[in-house]
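# Coordinates in review
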Amino acid sequence: MDDLTALARHHLDQAKTDPHGRSAHLFLHSGPLRQSVIALTAGTELSEHNAPPAASLQVLHGHVRLTTVGGADQDLIAGQVQVLPPERQGLVAVADSAVLLTAVTATTGCPTPAE
């Protein structure tokens, strides 16, 4: 079992020494399920990228801004969790932050709520 608080603290420390201001670790990989801790120093950005078929973002520490192509940016603070839209998006650390990214990389064979 992984300790998210310890992982967040460790990767925040790593991000502070990284020239790009970030550190990440994929700690759970089970079939299509992935969970990663991502730490970013204040002002660091993950540029726009494609979203997985299903994902959520939980802020473990700090304050981040989720940016989307449609311009519906959303600020999230520690303790908040947000479903990620299936569109291109980016992430900006407003303050030193650590997030838990939960992603499902394939949905083939998975029933939808309407099924």
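For the structure itself, look to the data block above.
Residues numbered from 1 in each chain as written. Predicted model: local features only at pLDDT ≥ 70, side-chain atom pairs only at ≥ 80, totals over all residues. Heavy atoms only, no water.

### Describing the pattern of salt bridges
Applied cut-off: The salt bridge definition used is simple: a Lys or Arg side-chain nitrogen within 4 Å of an Asp or Glu carboxyl oxygen. Helix numbering and strand numbering both begin at the N terminus, where a helix is a DSSP run of H or I of at least 4 residues and a strand a DSSP run of E of at least 2. To sort residues, take the accessible area from a 1.4 Å probe on protein chains only and compare it with the maximum for the residue type: under 20% means buried, over 50% means exposed, and anything in between is partly exposed.
For the structure shown, the criterion picks out three salt bridges. With its nearest N and O atoms 3.9 Å apart, the salt bridge here joins Lys 16 to Asp 96. One end of the pair, Lys 16, is in helix α1 (residues 4-17); the other, Asp 96, is in the loop between β8 (89-93) and β9 (97-104), and 80 residues separate them in sequence. What makes Lys 16 exposed here is its relative accessible area of 52%. Its salt-bridge partner being Asp 75, residue Arg 65 comes within 2.6 Å of it at the nearest N-O pair. With Arg 65 in strand β5 (residues 63-68) and Asp 75 in strand β6 (residues 74-77), the pair connects residues that are 10 residues apart, well separated along the chain. Of the residues examined, Arg 65 reaches a relative accessible area of 30% and is grouped as partly exposed. Using a relative accessible area of 34% as the deciding quantity, one classes Asp 75 as partly exposed.

### A short note on the environment of Pro 32
Filter applied, for reference: Residue contacts are defined here by distance: any two heavy atoms, one from each residue, within 4.5 Å place the two residues in contact.
Examined against the element boundaries, Pro 32 turns out to sit in the loop between β1 (22-30) and β2 (33-40). Once residues within four sequence positions are removed from consideration, Pro 32 is found in contact with Ala 103, Val 104, Thr 105 and Ala 106.

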